[in-house]
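Secondary and tertiary structure notes
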Amino acid sequence: MEATKTTIPHEIGGIQNDPLRFGLQGVKSDIVGSHPLQSAYHSAKSTQEEMKRKILANTYGAAFPLKMDLDKQILSRFQRPPGAIPSSMLGLEALTGTLEDFGFEDYLNDPRDSETFRPSDVHHGMEVRLGLSKGPVCPSFI
């Protein structure tokens with residue numbers, strides 16, 4: 001007799017359906033989109049990136065923007081393991097030019113220094129990275 005092997009899939013039941021790990025979900029965040037100024041900022045940023053790609057293609061040839069995309073893909077994959085020290089992504093910031101940007105974390109506090117910040121669970125972070133579990137690597141705020 002051949003024994004049938006049943007396996008139980010190791011997943012949390014959705015992307016963020018575990019209230020003990022990820023907190024309670026609100027309906028408002030699913031219905032209401034982002035702020036209009038934020039969507040305008042993202043569309044202007046994507047338009048500016050497209051113009052920069054066209055200028056680089058016209059100046060240096062069609063292969064140069066493709067090489068930059070390949071470098072961006074390589075540098076975006078390079079990260080530290082989940083834990084107490086987050087990845088700074090310094091190489092990606094230097095390549096994309098965001099190293100010179102002055103963001104809110106520069107003049108306000110970094111959200112990771114907040115009192116309501118929950119530290120990441122190293123074991124859950126590695127499970128997500130290896131594909132054994134679903135959900136965000138680190139639940140950010142309580």
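Quick word on the packing of aromatic side chains
By the definition in use, this model includes one aromatic pair. With a centroid separation of 5.1 Å and an interplanar angle of 50 degrees, the aromatic rings of Tyr60 and Phe64 are classed as tilted. With a relative accessible area of 57%, Tyr60 lands in the exposed category. Phe64 gets classed as partly exposed once you look at its relative accessible area, which sits at 32%.

Topic: the packing of helix H3 (residues 36-60) against helix H4 (residues 63-77)
Any two packed helices are characterised by the angle at which their axes cross and by the distance between the axes. Two elements in contact, H3 and H4, have axes separated by 7 Å at closest approach and are oriented at 130 degrees. With respect to H4, the element H3 is oriented oblique. From H3, Arg53, Leu56, Ala57 and Tyr60 reach across to H4, where they touch Phe64, Pro65, Met68 and Asp69. Considered class by class, the residues forming the contact of H3 with H4 number six nonpolar, no polar and two charged.

Rules and cut-offs
Residues numbered from 1 in each chain as written. Predicted model: local features only at pLDDT ≥ 70, side-chain atom pairs only at ≥ 80, totals over all residues. Heavy atoms only, no water. Phe/Tyr/Trp six-rings, centres within 6.5 Å; stacked < 30°, edge-to-face > 60°. Buried < 20%, exposed > 50% of the residue type's maximum accessible area, 1.4 Å probe, protein only. Axes fitted to C-alpha atoms, helices over the stretch in contact; angles between N-to-C directions. Helix = DSSP H or I, 4+ residues; strand = E, 2+ residues; numbered from the N terminus. Parallel < 35°, antiparallel > 145°, perpendicular 65-115°, else oblique. Contact = heavy atoms within 4.5 Å. Nonpolar A, V, L, I, M, F, W, Y, C, P; charged D, E, K, R; others polar.

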